[in-house]
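Structural overview for review
Chain by chain, the residues:
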Amino acid sequence: MPELRSRHHLPCALKNWLLLGLACCALGAQAQGPADDPDWKETEVPAPPQFDTKQLVAIDMPPYVSMKFGIDPATLAITPDGIVRYVMVALSPSGAMTAFYEGIRCATGEVKGYARANASGIWTLVKNPEWRRLNDKQPSKHALALAQQGACEGNASASSAADTLRKLKGN
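The rules behind these values
Residues numbered from 1 in each chain as written. Predicted model: local features only at pLDDT ≥ 70, side-chain atom pairs only at ≥ 80, totals over all residues. Heavy atoms only, no water. Helix = DSSP H or I, 4+ residues; strand = E, 2+ residues; numbered from the N terminus. Buried < 20%, exposed > 50% of the residue type's maximum accessible area, 1.4 Å probe, protein only. Contact = heavy atoms within 4.5 Å. Areas by Shrake-Rupley, 256 points an atom, 1.4 Å probe, with all protein chains shown as cover. Axes fitted to C-alpha atoms, helices over the stretch in contact; angles between N-to-C directions. Parallel < 35°, antiparallel > 145°, perpendicular 65-115°, else oblique. Nonpolar A, V, L, I, M, F, W, Y, C, P; charged D, E, K, R; others polar. Pairing = 2+ DSSP bridges. Polar contact = N/O pair within 3.5 Å; in protein donor to acceptor, adjacent residues only side chain to side chain. Disulfide = S-S within 2.5 Å.

With that out of the way, let us pick up the overall build of the protein chain. Helix and strand counts for the protein chain stand at four helices and ten strands. Counting all 171 residues of the protein chain, 39% fall into the buried class. Of the contacts formed within the protein chain by residues at least 6 apart in sequence, a portion of 49% connects residues at least 24 apart. Just so you have it, the protein chain exposes about 10,000 Å², and 57% of that area is on carbon and sulfur atoms.

As structure tokens, this is what we get:
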């Protein structure tokens, strides 16, 4: 009988997949697209900020993701237009590092990449950056994870950068 009971209990990894899928659906359902506010305009994007890999606040990723992700708290900002901007650092198991300067628009469930940096810290601007859905198929789900773990409160940005950091740190 223990074998039958184990079939009725979902493995932890499967539960995580299901929860991530439900969260993606919820974000997708909330985000109806830019047409929700036709007068909305993104504020001017500042140049990519300097970042410090020694100060990273970890982002929890699904167990199948081998990369480690974290944001530099000094780069986290919530703009008056509701964009959560940050530098996300990705570290591979071999030690390779890539940084992303991005913005999340919680109101529409979208993310935009502005620039990328390699281990040297030199930024390369993204040509023609565009908003894309947080739950689109993309190489990494780090922006979705950040949105779910504290950058967004439903379809609104968090009340402050400090509040977002408290949530990420589990305080």
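From this point, the narrative continues.
With that settled, consider the packing of helix α3 (residues 142-151) against helix α4 (residues 161-169). It is at 8 Å that the axes of α3 and α4 come closest, and there the two elements cross at 100°. Taken as axis vectors, α3 and α4 run roughly perpendicular relative to one another. On α4, the residues that touch L146, Q149, G150 and A151 of α3 are T164, K167 and L168. Of the residues belonging to the contact of α3 with α4, the class tally is three nonpolar, three polar and one charged.

This part is about the pairing of strand β6 (residues 110-117). Counted residue by residue, β6 has seven buried out of eight residues, so it is predominantly covered. For strand β5 (residues 97-105) and β6, the ladder comprises seven bridges, and the chain directions are antiparallel. Paired with I104 across the bridge in β6 is V111. Remark: four residues form the turn of the hairpin made by β5 and β6, two consecutive strands paired antiparallel; G109 in that turn has positive phi of roughly 65°. Looking at chain direction, β6 and strand β8 (residues 132-133) are connected through two bridges and run antiparallel. In the strand pairing of β8, V111 is matched with R132.

Let us look at the environment of S94. Tracing the chain through its elements places S94 in the loop between β4 (83-91) and β5. Among the residues examined, S94 registers a relative accessible area of 69% and is labelled exposed. For the pair S94 and M67, spaced 27 residues apart in the sequence, the C-alpha separation amounts to 9.4 Å. There is a polar contact of 2.9 Å between the side chain of S94 and the side chain of S92.

The next subject is the state of the cysteines. In this structure the tally under the stated criterion is one disulfide. The disulfide bridge from C106 ends at C152, spanning 1.9 Å between sulfur atoms. Between C106 and C152, the S-S dihedral sits near -80°, and the bridge is therefore left-handed. Of this pair, C106 sits in the loop between β5 and β6 while C152 is found in strand β9 (residues 152-153), placing the two residues 46 residues apart along the sequence.

This part takes up the pairing of β4. Every other side chain in a regular strand lies on the same face of the sheet, so the side chains alternate between the two faces. Within β4, eight of the nine residues are buried, leaving the element largely enclosed by the surrounding structure. Pairing between strand β2 (residues 68-71) and β4: four bridges, direction antiparallel. Bridging from a neighbouring strand, F69 pairs with A90 of β4. Sheet analysis places strand β3 (residues 77-78) next to β4, joined by two bridges and oriented antiparallel.

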